[in-house]
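# Breakdown of the fold
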Amino acid sequence: MAFELTWHGHASFGMDIAGIRVLLDPFLSGSPTAMVQADEVAADYIIVSHGHGDHIGDTVAIAKRTGAMVISNHEIVGWLGSQGVTNTHPQHIGGGFAYPFGYLKLTIAVHGSALPDGSDGGNPAGVLITTQNHKVYFACDTGLFYSMKLYGDEGLDLAILPIGDNFTMGPDDALRAVKLLRPRVVIPVHFGTWELIAQDPYAWAERVKAETDAQPVVLAPGGTYTL
Ligand code: NI
Ligand code: MN
């Protein structure tokens, strides 16, 4: 079963999982690095990791245009309802649900989750997607935490980790995260969008190669990777 990821810049991904189109954190119209427009991107499902504007992004507009089902925590799903988005599925951390594209579990993230209007966005989450033959972990916005080792114990094909520092893990802690997660492949994100989170992903990739068994893949915005 094919699993193709397209990086839309920052922490935003489009996935094609056996023909089902899944968006994660579609921050497009305000993003300096997005290569796709919110009014043209396709979606059957939209996953929102937490309430911050650089993650919930264009979710409301895309959900209304496409009718895509939005998957997020209970609080964010409630807020989306107040914005007129009703095709939703609430989950919460530690819980998983089997969707047509795979089993999606919300995982721990150490971060905030306030919504753009100040509403309570509950607790932030990471995302673990298990398909017939792949397991992919998006740490989303988080600091390093030791329980990443437990997600690694599940056997990860791919981990997507923030390296930007300041708001999330920086390069040093992201390298420690790779050692806890032990993925086959790792992709760095949440860097370079603004000067505040500027990093050299190629220098980080060299450290990953030197110190772990994981294969680092550095994407440019708009770039794709197929599992
Ligand atoms: Ni955030
Ligand atoms: Mn963020």
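Not measured: the values here are computed from a predicted model.

## Here we look at the coordination of the nickel ion (ligand 1)
The coordination sphere of the nickel ion (ligand 1) contains the protein donors His 50 (NE2), His 52 (ND1), His 111 (NE2) and Asp 141 (OD), at a distance range of 2.2 to 2.3 Å. For the nickel ion (ligand 1), the four donor atoms in the first shell make angles of 88 to 174° at the metal, a pattern classed as irregular. Look at where the donors of the nickel ion (ligand 1) fall in the sequence and you get H-x1-H-x58-H-x29-D. A distance of 3.2 Å spans the gap from the nickel ion (ligand 1) to the manganese ion (ligand 2), which Asp 141 bridges by coordinating each metal.

## A closer look at the pattern of salt bridges
Per the stated rule, a full pass over the model turns up ten salt bridges. Across the pair Glu 154 and Lys 105 runs a salt bridge whose closest N-O atoms are separated by 2.8 Å. Linking Glu 154 in the loop between α4 (148–152) and β11 (158–162) with Lys 105 in strand β8 (residues 102–108), this pair joins segments that are 49 residues apart in sequence. Of the residues examined, Glu 154 reaches a relative accessible area of 31% and is grouped as partly exposed. Overall, the relative accessible area of 19% leaves Lys 105 in the buried class.

## As for the sheet that holds strand β14 (residues 224–226)
Strand order in this open sheet of seven strands is β6-β5-β4-β3-β2-β1-β14, and the pairing throughout is mixed. With one partner strand each, in any of the chains shown, β6 (88–91) and β14 form the two edges of the open sheet. Averaged over all pairs of adjacent strands, the angle between strand axes in this sheet comes to 20°, irrespective of strand direction. Pairing analysis gives three bridges linking strand β4 (residues 45–47) to strand β5 (residues 69–73), with the strands arranged parallel. Note on β5: the bridge partner recorded for Ile 47 is Ile 71. The sheet strands contacting helix α2 (residues 59–66) are β3 (20–24), β4 and β5, and the helix crosses β4 at an angle near 165°. Helix α3 (residues 74–82) contacts β5 and β6 of the sheet and is inclined by roughly 135° relative to β5.

## A closer look at unusual backbone geometry
In this structure, Asp 165 is a non-glycine residue whose phi angle is positive, near 70°. Along the chain, Asp 165 turns up in the loop between β11 and α5 (171–181). Note on Asp 165: relative accessible area 39%, which makes it partly exposed. The phi angle at Asn 166 is positive, at roughly 70°, despite the residue not being glycine. Mapped onto the secondary structure, Asn 166 falls in the loop between β11 and α5.

## A closer look at the coordination of the manganese ion (ligand 2)
Note on metal sites: the ideal angle is 109.5 degrees for four tetrahedral donors, and 90 or 180 degrees for six octahedral donors. Looking at the manganese ion (ligand 2), the protein donor atoms are Asp 54 (OD), His 55 (NE2), Asp 141 (OD) and His 190 (NE2), and they sit 2.1 to 2.2 Å from it. Counting along the primary sequence, the residues that act as donors to the manganese ion (ligand 2) give the motif D-H-x85-D-x48-H.

## Here's the deal with the environment of Thr 6
Looking at where Thr 6 falls in the secondary structure, it is placed in strand β1 (residues 3–7). Residue classification places Thr 6 among the buried positions, given a relative accessible area of 18%. With residues up to four places along the chain from it excluded, the contact list for Thr 6 reads Ser 12, Phe 13, Gly 14, Gly 222, Gly 223 and Thr 224.

Calculation rules
- Residues numbered from 1 in each chain as written.
- Chains lettered and ligands numbered in written order.
- Predicted model: local features only at pLDDT ≥ 70, side-chain atom pairs only at ≥ 80, totals over all residues.
- Heavy atoms only, no water.
- Donors = N, O, S within 2.8 Å, 3.2 Å for Na, K, Ca; no water.
- Tetrahedral: all angles 85-135°; square planar, octahedral: opposite > 155°, others 65-115°.
- Salt bridge = Lys/Arg side-chain N within 4 Å of Asp/Glu carboxyl O.
- Helix = DSSP H or I, 4+ residues; strand = E, 2+ residues; numbered from the N terminus.
- Buried < 20%, exposed > 50% of the residue type's maximum accessible area, 1.4 Å probe, protein only.
- Pairing = 2+ DSSP bridges.
- Axes fitted to C-alpha atoms, helices over the stretch in contact; angles between N-to-C directions.
- Contact = heavy atoms within 4.5 Å.

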